[in-house]
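Understanding the architecture of this molecule
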Amino acid sequence: MSAQLGNIVFIVWRESVEALLVIGILEAWLASRDPETRRSGRKWLWSGVAGGILGAIVLAWVLTVFDDTLSEDGRQMFQTAMVLVAAALIVQMVVWMRRNGRTLKRDMETALTGAVERRSWWSVFLLALLAVLREGSETVIFLWGSLAGRPVGEIGAPVLAALAGFAAAAGTYGLLQLGGRILSWRLFFRITEVMLLCLAGALLMTGVGGLVDLGWLPGLGRLWDTSRLLPDTGVFGGLLAALTGYRARPMGIEVIVFAAYWLSIGWMLVAPRPAASVRPA
Amino acid sequence: MRNRHRLALAALLALLVAPTAGKAEEQPVFKLEMADGRLTPSQLSVPAGKPFKLQVTNAGTATAEFESKDLHKEKVIAPRATAVVSIKALAAGRYDYFDEMQPKAPAGVIVAE
């Protein structure tokens with residue numbers, strides 16, 4: 001029983017971490033902006049979070065109630081589209097933050113014109129929404145399954161465990177905010193940028209797996225097997241896979257896409273920024 | 001940006017209208033049971049090179065999630081529910097599967113031969 005409660009704490013924390021990374025970093029980034037950017041940015045960010053929570057509940061309900069009527073491929077397409085869009089948005093977000101990171105914190109004359117800015121805020125909104133929606137719906141289904149069917153007297157302990165999981169997640173979020181304040185902006189951004197790009201890589205790997213499963217991409221055979229050395233399952237391996245895209249038994253296509261992803265990211269980070277993007281408006 | 005929206009919308013539509021009927025041909029069905037982290041059988045032999053179906057029953061009290069990175073599958077299964085997962089033809093080899101909601105439990109393996 002207590003093992004199962006510990007499990008609830010861990011699962012709730014783990015499912016929240018991905019969304020927390022995205023939201024926490026965006027929030028820390030916004031906190032360092034000028035008051036006006038901060039105000040409008042927060043509005044978009046937190047509407048996305050709220051929409052994501054609402055959507056997660058609806059999605060969980062749809063997935064449970066209409067389970068038999070949804071086709072397997074349809075579900076796979078939906079999930080694959082979600083992770084691929086999320087990965088693309090994260091990369092776009094990193095690029096965007098990079099461009100705006102250099103300008104002065106306080107009196108930033110934003111380089112973005114009105115239209116571009118609005119589009120960027122839409123991305124913030126959509127990214128927060130997707131981040132919460134994806135893992136949130138699983139958390140809802142998991143908690144619902146863990147609570148339903150229990151006698152009323154036995155519901156207290158798992159509810160507390162779930163709350164402890166959320167508290168741990170909130171603590172992680174607090175650490176991020178603290179990091180944003182204590183560390184220099186440059187260092188904080190370096191670290192979080194790498195975390196976000198790793199996460200986008202992980203989402204991309206999940207998406208590629210989905211495309212292979214749908215038959216839209218060839219698998220190209222298994223390249224190697226390091227599952228004995230470092231499995232991609234279990235507490236550590238599962239987290240590593242979820243946050244970096246590590247695969248113990250990668251297929252050819254996974255290796256190609258992963259390598260192409262990091263090569264283009266590396267190129268993007270090393271290549272000199274076009275002058276136009278930093279010119280003040 | 002607009003293209004991405006369109007992609008998401010297309011996927012959503014596909015989800016809504018995708019036909020639910022299975023393939024006409026009969027595929028062999030293999031049974032798996034998940035019960036709060038216990039996987040039975042812990043090793044399942046299937047023929048290589050042929051598509052098949054997995055009938056996964058959650059016999060436990062907690063929600064289970066059949067997951068396999070090797071098979072590119074994820075499926076949440078409520079307590080006392082059964083789900084069917086279609087697997088495409090596999091190359092000979094070992095494919096791990098596990099209950100994502102029980103990270104401490106050992107993984108099971110599907111052996112295609």
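Whatever comes next refers back to the structure up there.
Residues numbered from 1 in each chain as written. Chains lettered and ligands numbered in written order. Predicted model: local features only at pLDDT ≥ 70, side-chain atom pairs only at ≥ 80, totals over all residues. Heavy atoms only, no water.

Here we take up the overall build of chain B. Helices and strands together make up the secondary structure of chain B, namely one helix and nine strands. Each helix and strand of chain B, placed in order from N terminus to C terminus, yields the pattern α-β-β-β-β-β-β-β-β-β. In chain B, the proportion of contacts linking residues at least 24 apart, taken out of those at least 6 apart, comes to 59%. (Helix = DSSP H or I, 4+ residues; strand = E, 2+ residues; numbered from the N terminus. Contact = heavy atoms within 4.5 Å.)

Interface extent is often summarised as the accessible area lost during association of the parts. Across the boundary between the two partners, chain A contributes 45 residues, which contact 38 residues of chain B. Across the chain A to chain B interface the summed buried area is about 3,700 Å²; carbon plus sulfur atoms make up 55%. When the area that chain A buries against chain B is broken down by residue, the three leading residues are A:Glu72, A:Asp213 and A:Arg249, summing to 15%. The interface formed by chain A and chain B includes five salt bridges. A salt bridge links A:Glu72 to B:Lys73; its shortest N-O distance comes to 3.3 Å. Our count for the chain A to chain B interface comes out at 16 residue pairs in polar contact (both at pLDDT 80 or more). The set of elements that each furnish at least two residues to the side of chain A that touches chain B consists of α1 (2-31), α3 (72-101), α4 (114-147), α6 (185-214) and α7 (234-244) of chain A. Broken down by element, the side of chain A that touches chain B gets its largest block of residues, eleven residues, from α3(A). (Buried area = accessible area lost by both parts, 1.4 Å probe. Salt bridge = Lys/Arg side-chain N within 4 Å of Asp/Glu carboxyl O. Polar contact = N/O pair within 3.5 Å; in protein donor to acceptor, adjacent residues only side chain to side chain.)

Attention now moves to the sheet that holds strand β6 (residues 73-77) of chain B. Neighbouring strands of a sheet are bound in pairs by backbone hydrogen bonds; such pairs are parallel or else antiparallel. Residues and elements named next belong to chain B. As summarised here, the arrangement of the five strands in space is β3-β9-β8-β5-β6, forming an open sheet in which the pairing is mixed. With one partner strand each, in any of the chains shown, β3 (43-46) and β6 form the two edges of the open sheet. The mean angle between the axes of side-by-side strands here comes to 20°, regardless of whether they run parallel or antiparallel. Alignment of strand β5 (residues 64-68) against strand β8 (residues 93-99), held across two bridges, turns out to be antiparallel. Residue pairing for β8: Phe66 is matched across the bridge by Asp99. (Pairing = 2+ DSSP bridges. Axes fitted to C-alpha atoms, helices over the stretch in contact; angles between N-to-C directions.)

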